[in-house]
Amino acid sequence: MAEHSLQETLEIVVLGRRLKVACPKGQEPALQEAAWELDERLKKLRTHSDLCNREQLLTLVALNLSHELRLAEAKSREYADAMDSKIKVLQDTIEQALIHQTKE
């Protein structure tokens, strides 16, 4: 199957600029939502700061998103580690119960 058939061209709007981007088929709504969120963050930052330079706005929003992603990844790792510990305790408990049951 040709690679181009797995992609769609999607038009998004960011800070009033129309951009055409490649998007995997079926992911168009997610990309549209991401583009909308980016545009909203940029507009909010532009409104609540003295920045008007598009590059500065994009850089600050990208840094904020990167920071949020790192926080979410750390939280996810912490959750996975906590679940691993709980599973280990449950496995140990089950093993001990089985050993105790076999001895009786």
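Residues numbered from 1 in each chain as written. Predicted model: local features only at pLDDT ≥ 70, side-chain atom pairs only at ≥ 80, totals over all residues. Heavy atoms only, no water.

### Some words on the packing of helix 1 (residues 28-47) against helix 2 (residues 54-103)
Interaxial distance between helix 1 and helix 2 falls to 10 Å at its minimum, and their mutual angle equals 120 degrees. Here helix 1 is positioned oblique relative to helix 2, judged by the angle of their axes. When you trace helix 1 past helix 2, the crossing you get is right-handed. Within the contact between the two elements, helix 1 uses Leu 38, Arg 41, Leu 42, Leu 45 and Arg 46 and helix 2 uses Leu 57, Leu 58, Leu 60, Val 61, Leu 65 and Glu 68. Across the contact of helix 1 with helix 2, the residue classes break down as eight nonpolar, no polar and three charged. (Axes fitted to C-alpha atoms, helices over the stretch in contact; angles between N-to-C directions. Helix = DSSP H or I, 4+ residues; strand = E, 2+ residues; numbered from the N terminus. Parallel < 35°, antiparallel > 145°, perpendicular 65-115°, else oblique. Left-handed = near helix turned anticlockwise from the far one by under 90°. Contact = heavy atoms within 4.5 Å. Nonpolar A, V, L, I, M, F, W, Y, C, P; charged D, E, K, R; others polar.)

### Section: the nonpolar core
One finds Leu 10, Ile 12, Val 14, Leu 15, Cys 23, Ala 35, Leu 42, Leu 51, Leu 57 and Val 61 forming the largest nonpolar core, which totals 10 residues. For this core, the secondary structure elements donating two or more residues are strand 1 (7-14), helix 1 and helix 2. With three residues, strand 1 is the single largest residue contributor to this core. (Core = buried A, V, L, I, M, F, W, Y, C linked by side-chain atoms within 4.5 Å. Buried < 20%, exposed > 50% of the residue type's maximum accessible area, 1.4 Å probe, protein only.)

### Some points on the pattern of salt bridges
Tallied over the entire structure, the rule returns six salt bridges. With its nearest N and O atoms 3.0 Å apart, the salt bridge here joins Arg 41 to Glu 37. Highlighted residues: Arg 41 and Glu 37, both in helix 1, separated by four residues, approximately one helical turn. In this structure, Arg 41 engages Glu 68 in a salt bridge whose closest nitrogen and oxygen atoms are separated by 2.8 Å. Here Arg 41 is found in helix 1, whereas its partner Glu 68 is found in helix 2, with 27 residues between them in sequence. The partly exposed category is assigned to Arg 41, whose relative accessible area is 24%. Given a relative accessible area of 36%, Glu 68 falls into the partly exposed group. Three or more residues are tied together by salt bridges with common partners; here these are Glu 37, Arg 41 and Glu 68. (Salt bridge = Lys/Arg side-chain N within 4 Å of Asp/Glu carboxyl O.)

### Focus on the side chain of Asp 39
Examined against the element boundaries, Asp 39 turns out to sit in helix 1. In this structure, Asp 39 is in contact with Val 13, Val 14, Leu 15 and Gly 16, ignoring residues within four places of it in sequence.

### Considerations on a nonpolar patch on the surface
There is a patch of nonpolar side chains on the surface, built from Leu 90, Ile 94 and Leu 98 and spanning about 300 Å² of accessible area. Relative to the helices and strands, Leu 98 resides in helix 2. (Patch = residues over 30% accessible without salt bridge, like charges linked within 9 Å, V, L, I, M, F, W, Y side chains within 5 Å. Areas by Shrake-Rupley, 256 points an atom, 1.4 Å probe, with all protein chains shown as cover.)

### Quick look at the pairing of strand 1
Where strand 1 meets strand 2 (residues 17-24), eight bridges bridge the pair, whose relative direction is antiparallel. Across the sheet, residue Glu 11 finds its bridge partner in strand 2, namely Lys 20. (Pairing = 2+ DSSP bridges.)

### Brief notes about helix 1
The end-to-end C-alpha distance of helix 1 is 28 Å, a good match for the 28 Å that 20 residues give at a rise of 1.5 Å each. Residues of helix 1 that are buried include every one of Ala 35, Asp 39 and Leu 42, and no others. The buried residues of helix 1 occupy one face: seen down the axis, they fall within an arc of 65 degrees. Exposed residues pointing more than 90 degrees away from the buried face of helix 1 are listed as Pro 29, Glu 33, Trp 36, Lys 44 and Thr 47. Where helix 1 is buried, its residues contact strand 1 and helix 2. (Expected span 1.5 Å × (residues − 1). Arc of directions from axis to C-beta.)

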